[in-house]
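Working through the structure, step by step
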Amino acid sequence: MFKYQFDWSVVTSGKYFEWLLSGLYTTIQLSLVAIVFSFLLGLVIAMMRMSNVKPVRWFAHGYLEFFRNTPLLVQIFFWYFGSYKILPTVINDWLNKTNFEFGAAVIALTIYTSAFIAEDIRSGVRSIPKEQLEAARSSGFSYVRSMQYIILPQAVRITIPPLINQFLNLTKNSSLAMTIGVMELTYQARQVESYTFKGFEAFTAATLVYVVLSIIITLMVTYYDKVVLSPMKAR
Amino acid sequence: MITFKGVHKWFKDLHVLNDINLHVNQGEVLVVCGPSGSGKSTLIRTINKLEPINEGTLIVDGMDLSDSKADINKLRAEIGFVFQQFNLYPHLSVMRNITLAPIKIRKIGKSEAEGQATALLERVGLAEKRDAYPTQLSGGQQQRVAIARALAMKPRIMLFDEPTSALDPEMIGEVLLVMKDLAQSGMTMIVVTHEMGFASEVSDRVVFMDEGRILEEAAPDEFFKNPKHERAQQFLKEVLSPMH
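The text that follows walks through the structure, step by step, so that each part is easy to find. (Residues numbered from 1 in each chain as written. Chains lettered and ligands numbered in written order. Predicted model: local features only at pLDDT ≥ 70, side-chain atom pairs only at ≥ 80, totals over all residues. Heavy atoms only, no water.)

Remarks on the pattern of salt bridges
Condition: The rule for a salt bridge is simple: a side-chain nitrogen of Lys or Arg has to be within 4 Å of a carboxyl oxygen of Asp or Glu. Each helix is a run of H or I in the DSSP string that is no shorter than four residues. Each strand is a run of E no shorter than two, and both are numbered from the N terminus. The buried label applies to any residue whose accessible area, calculated with a 1.4 Å probe on protein chains only, is under 20% of its type's maximum; exposed applies above 50%, and partly exposed to all values in between.
For the coordinates displayed, the defined rule picks out 18 salt bridges over all chains. Two residues, R205 of chain B and E217 of chain B, come together in a salt bridge whose shortest N-O distance is 2.3 Å. With R205 of chain B in strand β9 (residues 205–210) and E217 of chain B in strand β10 (residues 213–218), this residue pair connects regions lying 12 residues apart in the sequence. Its relative accessible area of 14% is what places R205 of chain B among the buried residues. Several salt bridges share partner residues, and in doing so they unite E134 of chain A together with K9, R45 and E51 of chain B into one network.

The following block contains the structure:
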């Protein structure tokens, strides 16, 4: 039946296991850093998109349309091959000294995902009744402080399900970083395959790891939703 | 304390406030009544500039609201506003609902703010609800918390926009009682309400509005016994005996 001899030991122990492990470590690092930055940047862009100042609103609108409508792979290549021509020398020097591949991947994933997160947060804000803003303003809070203490904390809670989706997408999208030489999980699985010709085992292992990662992210965010946020939804 | 001089406001073609002239003294309790759509809610919402006016002069606590340089956030901190739908912050506990503005705007310490909030909760009869969330409270309890939240800023003026209209009948009394207690403490209050019992017992003056105008302004005894304007007579007949 099968001519192919399965050899799972390739991916469960020894040198190749260590490669996969280090790939997983890089994937987690890359995803976590980009998740934090894309959330913060997404918040800022969402605020700008709802600003009363027209040029600010237009800029944010252009940002959203531009980064949501171009392929992530092109954006990764842009930041890796093209960015050093436009970025200030200080940033280039810093990137070269640290890890340029990793840095370019973080920038691309952050900017790309922030555009989606900004739209999710904006629809969350729009779903908060306008009376909440009125209550905050009539206590003497400025527009920005009202957003900070009253509107955004509620909007982010509502936005949690779509945010989980964006975080999962980001984690999966981080595999594209292999194209610029970031030694993350998919890159290492590919390496194992090249050295051992055990492609089935290598990519099965990588696939399972992505599934487990996704489940962990979902559990973490739903735990937060249940334990921290449930009181306001009581009844 | 509050002076309207020839104030007008339009919502597009609708003339919601038509030549309003009114003066409210410090410590006075004023009830504003009238049929729905008469402009009474808009009237009190102009006092803290939730609604800007289009024409005329409005001076609140010495500040001219038509002056674009006026620090509106500073003025709002001095004016407590109680909404028909309570508008408590659902993501914060009762305690944090009350202490948020004093801590962030008045910059007082957390323990001091919580001490004051505890005293206010006792005053509105909800001391045991300090850790509850708004959705766990009844409408009457939410409105009493909303009053405590407004009082926590130690306001100079309190505005009430139909504070009992969204409540079940058996909860109206508990809220009116808190408001009566507040009126007797000397607070300057403007109350938009249909509760004529509250108006006759607690208020110093009643203002009757219809179609954006103030049609009648009188002491409560006079207003209820001897309303002059035909629309006021008709309105009183309907609120006092709706089944007639």
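So much for the structure itself; the text now carries on.
Considerations on the nonpolar core
This is how the line gets drawn: Residues enter a nonpolar core if they are buried and are Ala, Val, Leu, Ile, Met, Phe, Trp, Tyr or Cys, with the set joined through side-chain atoms within 4.5 Å. By the convention used here, residues are in contact when the closest approach between their heavy atoms is within 4.5 Å.
Counting residues in hydrophobic clusters, the biggest one holds 88 residues, and the most contacted among them are I2, F4, I47, V60 and I190 of chain B. Element by element, the count of residues in this core is highest for helix α6 (residues 100–126) of chain A, at 14 residues. Discounting residues that sit within four places of it in the chain, I2 of chain B has contacts with L22, H23, V24, I47, L58, I59, V60, I157 and I190 of chain B. By size, the runner-up hydrophobic cluster in this structure holds 48 residues, among which are C33, L121, L167 and F223 of chain B.

Points about the interface of chain A and chain B
Quick reminder of the rule: A quick way to say it: buried area is the sum, across both parts, of accessible area lost when two parts are put together, with a 1.4 Å probe. Within 3.5 Å is the distance limit for a polar contact, defined as a pair of N or O atoms, with the added protein rule that one can donate a hydrogen and the other accept it, and that residues adjacent in sequence qualify only through two side-chain atoms.
Across the boundary between the two partners, chain A contributes 20 residues, which contact 24 residues of chain B. Carbon and sulfur atoms make up 56% of the surface buried where chain A meets chain B, a total of about 2,000 Å² over both sides. Linking E134 of chain A and R45 of chain B is a salt bridge whose minimum nitrogen-to-oxygen distance equals 2.6 Å. Between chain A and chain B we count four residue pairs in polar contact (both at pLDDT 80 or more) in total. If you list the elements that add at least two residues to the side of chain A that touches chain B, you get α7 (130–138), α8 (143–158) and α11 (199–233) of chain A. Here the side of chain A that touches chain B gets seven residues from one element, more than from any other, and that element is α7 of chain A.

Some words on the sheet that holds strand β7 (residues 157–161) of chain B
All names here are of chain B. Let me state the cut-off plainly: For two strands to be treated as a pair, DSSP must find at least two bridges joining them. Only C-alpha atoms enter the line fits that serve as axes; for helices the fit covers just the stretch in contact. Angles between N-to-C directions range over 0 to 180 degrees.
If you trace the six strands from one edge of the open sheet to the other, you get β6-β7-β8-β3-β9-β10, paired in mixed fashion. Across the chains shown, the open sheet's two edge strands, defined by having one partner strand only, are β6 (79–82) and β10. Taking each pair of neighbouring strands and ignoring which way they run, the sheet shows an average axis angle of 15 degrees. Its contacts with the sheet place helix α5 (residues 139–151) against β6 and β7, and it is angled at close to 170 degrees to β6. In this fold helix α9 (residues 230–240) packs onto β3 (29–33), β9 and β10, with an angle of close to 105 degrees to the strand it touches most, β9.

Things to note about the packing of helix α2 (residues 14–49) of chain A against α6 of chain A
All names here are of chain A. The line we're drawing: With respect to orientation, any angle under 35 degrees is reported as roughly parallel, any angle over 145 as roughly antiparallel, any angle of 65 to 115 as roughly perpendicular, and every other angle as oblique. Here a crossing is taken to be left-handed if its near helix is turned anticlockwise relative to the far helix by less than a right angle, and right-handed if that turn runs clockwise. Amino acids are sorted into nonpolar (Ala, Val, Leu, Ile, Met, Phe, Trp, Tyr, Cys and Pro), charged (Asp, Glu, Lys and Arg) and polar (every other residue, Gly among them).
Packing of α2 against α6 leaves a shortest axis separation of 6 Å and a crossing angle of 45 degrees. Comparing their axes, α6 and α2 come out oblique. Seen from above, α2 lies across α6 with right-handed handedness. Residues of the contact of α2 with α6, tallied by class, amount to 17 nonpolar, seven polar and two charged.

Re the sheet that holds strand β4 (residues 55–60) of chain B
Strand order in the open sheet formed by four strands is β2-β1-β4-β5 (chain B), with antiparallel pairing between adjacent strands. What marks the edges here is a single partner per strand, and that holds for β2 (14–24) and β5 (63–64) of chain B.

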